[in-house]
Amino acid sequence: MEKKKNFTISVYTENNVGLLHRLSAIFLKRHINIESFSTSESEIKDVFRFIIVVKMTKSGVEKVVKQIEKQVEVIKAFYHTDSETIFQESALYKMKSSSLFEERHIQNIIKDSNARIVTVNPEFFVIEKTGFRDDTEKLYKDLKSYGLLQFTRSGRIAVSKEKMGISEILNTFKNQK
Amino acid sequence: MKKKKISGAEAVIHSLLNEGVDLVWGYPGGAIMPVYDEFYKFQDKLKHILARHEQGAIHAAQGYARSSGKVGVAIATSGPGATNLVTGIADAQIDSTPVVCITGQVPSHLLGSDAFQETDIIGISMPVTKWNYQITKASEIPEIFAKAFYIAKSGRPGPVLIDITKDAQFELFNYEYSKCKGIRSYNPLPKINNSSIDDAVKLINKAKKPFIVWGQGVILGNAEVEFKSFVEKSGIPAAWTILGVSALPTSHELNVGMVGMHGNYGPNLLTNECDLLVAIGMRFDDRVTGDPKTYANQAKIIHLDIDPAEINKNIKVEVPIIGDCKESLKLITEKIEKRSHEKWISKFDDLMKIEFDKVINSDLNPSKKGLTMGESIIAINEQTNGEAIIVTDVGQHQMVACRYANFIHSKSNITSGGLGTMGFALPAAMGAKMGAMNREVVAVIGDGGYQMTIQELGTIFQLQIPVKIVILNNDFLGMVRQWQQLFFDKRYASTEMINPDFVTIAKGYYLDSERVNDRKDLRPAVERMIKSKKPYVLEICVEKEDNVFPMIPSGASVSDVRLS
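> Help me get a handle on the nonpolar core, residues and values and all.
One finds Val73, Ala74, Val99, Val100, Ala429, Ala443 and Ile469 of chain B to be the most contacted residues of the largest nonpolar core, which totals 178 residues. Counting 21 residues, the second-largest nonpolar core is a separate cluster that includes Val11, Leu19, Val64 and Ala158 of chain A.

Structure (structure tokens):
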């Protein structure tokens, strides 16, 4: 049996309503769970980039990426292993302000984890931590016992080590016209 | 170009005319009424045919597309009108049929308010369309229609849906149309890689037991001529998938029959004996491959397809040739040696003899009293000389018709292959006839599927569309019954039907109709039907519990094909 592992799928698309639905339907149809999902405008104006993390086999991810690329409004799709990408996640932790003064240990946790305090007010303060899943997870565990009010983590964002060549694809099209 | 402002609804008509559309199938309703008002005004230029159900309209558009090679168009209102199209859209998606569907939508200010007849048809149809788009401003209409037709027919064809809010249909704007020449994120014609052509040529030249399996891609790519030259120069025996059949005449000496679950004995068995498999415009569907783990493991495989996503999807191949097979087949044919494979082909002949003795002979020359589906198809062959377009539904009759019908011309076999949509044939046949008025169109339908879209007899009657409808009636959902007999100890759960009098129903629609029970009446009745210039319904009552063989049980290997 082929082993499953993490793959980061990067999809460059046109900016159109409903494309998110079209992409997620590809995963749904194949009963694939999406580990994380994030999207924003890419380095090219009006071109969007989706970062989708899945845990699956290499042959499985290859087929899914072909199905993604088949969509009319998808410019290009790639898949990479963790070692082929630079990736990070961001997490926010909302804590009671009183705990900052009552539990001196919190200050050490913040310092040791290289986290950043985003805001402090009389009721609560918010810590931000960017890093790998293990880093944000560790901080979550450390803070949990001190009255964590809210916790949220972003999807993975990633850039590939290899070149993606999206501008070249778009330029070739322009020159053909 | 017009300077005067026109409504979105009128722009829909002009856009259709600009794309060369002269016929659309549909059903009106509240949210699409402005467009219907324009159909009324433009009825001399653009014919609209009222189906009796939106599913009938979309299947008719599919039949029209399949017989004519043009884009079929279906139109419906919002809500239930739109959802009734979905089965046909899914069917067109999986069988790569170019259709454009237009649906009305509630006014844009009511979107998301659960308004009367509002449904999210964009969301619903997204997984089963090649592309879809919701228009909320009239000014979007020309560009979106141009894109829709371009996407539907280019590359691997498929269905596109355009949803238009009612306010956009009323809105006035300056109309200007230009055809779509390309979309930057969409590459419908991948460039053929010359080195894979060379790799394929090498494999073909040295193969001792090569075998071709072709599919609908040959027809969709208009590559029938190139395909025939390739087959003839290479001398390779060629078998077809159900959607590919009519690309090469049935009588061609290198046409060795059908592959798949109910395909011929030889092609299935020898799939696991060939040393080279050349797959052309087919997608290794599970009904073709049986168990993929045991499929042609001994063979090298060359796969020609226009859709890169089909390469290595179900079966791993050695040489993929991505691109238009009209072009790649030509390149390969130029470079290969002219060969013949008599000894290898004689194996197909030997196995065909076995199949004839064990299956075909009793299908076509039965000794029992009851009529068989097989002899009914032969009677149609005799009367049409293989010139007809045969439209089939789904089930036993479909397999029998495809096994025994004679085809001379391409685009002559219209059936629901991938989705297996019962109810497809009757509306698809009327669409096929409208798409090829100079050809005879014979629909062959089981008694189950016939009753799923029987309402389209109304459309056929009103327009006097001269299709010939053959009901092969065994009073059973025959294919399911066959499986119940073979795999569920004959527990016939909900497969036996007490049917109405189909002749009386046809007569209720003022259609000529008759019923045949006896062998002596079969040929004269088929002859009367084919000679008729009008629509005609012929009910042939066949044996109730006949089975279709050969058969590869679901999940078994192609080499486990059974003759009984």
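> Any chance you could break down the sheet that holds strand S3 (residues 47-56) of chain A for me, citing the residues and the numbers?
Residue and element names in this part refer to chain A. Spatially, four strands are ordered S2-S3-S1-S4 in an open sheet, and the strand pairing comes out antiparallel. For this open sheet the edge positions go to strand S2 (34-41) and strand S4 (74-81), each flanked by a neighbour on one side alone. Taken pair by pair, the neighbouring strands of this sheet meet at an average axis angle of 15°, ignoring direction. Note that strand S1 (residues 5-14) and S4 share seven bridges and pair antiparallel. Directly across from Val11, in S4, lies its bridge partner Ala77. The sheet contacts of helix H2 (residues 58-70) involve S1, S3 and S4, and relative to S4 the element is tilted by about 165°. Of the strands in this sheet, S1, S3 and S4 are in contact with helix H6 (residues 166-176), which crosses S4 at around 155°.

> I'd like to hear about the sheet that holds strand S20 (residues 536-541) of chain B, residue by residue, with values.
Residues and elements named next belong to chain B. What the six strands build is an open sheet, ordered S16-S15-S17-S18-S20-S19; its pairing is parallel. Two strands lie at the open edges of the sheet, namely strand S16 (413-415) and strand S19 (512-516), each paired on one side alone. This sheet shows a mean twist of 15° between the axes of neighbouring strands, independent of strand direction. Bridge analysis of strand S15 (residues 389-392) against strand S17 (residues 441-446) gives four bridges, and the strand direction is parallel. Opposite Val391, over in S17, you have Ala443 as the bridge partner. Contacting strand S18 (468-473), S19 and S20, helix H23 (residues 519-531) crosses the sheet at an angle of about 165° to S20.

> Any chance you could break down the domain arrangement of chain B for me, citing the residues and the numbers?
Entries for chain B in the domain assignment read domain 1 (6-173), domain 2 (194-348) and domain 3 (369-541). A separation of 30 Å is found between the C-alpha centroids of domain 2 of chain B and domain 3 of chain B.

> Hey, could you go over the interface of chain A and chain B for me, with residue numbers and the actual values?
Opposite the 18 residues of chain A that make contact, chain B presents 16 residues. Tallied by class, residues from the side of chain A that touches chain B come to six nonpolar, four polar and eight charged.

> Account for helix H17 (residues 396-404) of chain B, naming residues and giving values.
Along H17 of chain B, nine of the nine residues are buried, which leaves the element largely enclosed by surrounding structure. Among all positions of H17 of chain B, only Gln396, His397, Gln398, Met399, Val400, Ala401, Cys402, Arg403 and Tyr404 of chain B are buried.

> Before we move on, can you summarise the packing of helix H3 (residues 54-68) of chain B against helix H18 (residues 425-435) of chain B with the specific residues and values?
Residues and elements named next belong to chain B. In contact at an axis separation of 6 Å, H3 and H18 are set at 40° when each is read in the N-to-C sense. When the axis of H3 is compared with that of H18, the two are oblique. At the point where H3 passes H18, the crossing takes the right-handed sense. Seen from H3, the contacting residues are Gly56, His59, Ala60, Ala61, Gln62, Gly63, Tyr64, Arg66, Ser67 and Ser68; seen from H18, they are Pro427, Ala428, Ala429, Met430, Gly431, Ala432, Met434 and Gly435. Residues of the contact of H3 with H18, tallied by class, amount to nine nonpolar, eight polar and one charged.

Cut-offs applied
Residues numbered from 1 in each chain as written. Chains lettered and ligands numbered in written order. Predicted model: local features only at pLDDT ≥ 70, side-chain atom pairs only at ≥ 80, totals over all residues. Core = buried A, V, L, I, M, F, W, Y, C linked by C-beta atoms within 7 Å. Buried ≥ 20, exposed ≤ 12 C-beta atoms within 10 Å, placed from the backbone. Pairing = 2+ DSSP bridges. Helix = DSSP H or I, 4+ residues; strand = E, 2+ residues; numbered from the N terminus. Axes fitted to C-alpha atoms, helices over the stretch in contact; angles between N-to-C directions. Contact = placed C-beta atoms within 7 Å. Domains from an automatic or database assignment. Nonpolar A, V, L, I, M, F, W, Y, C, P; charged D, E, K, R; others polar. Parallel < 35°, antiparallel > 145°, perpendicular 65-115°, else oblique. Left-handed = near helix turned anticlockwise from the far one by under 90°.

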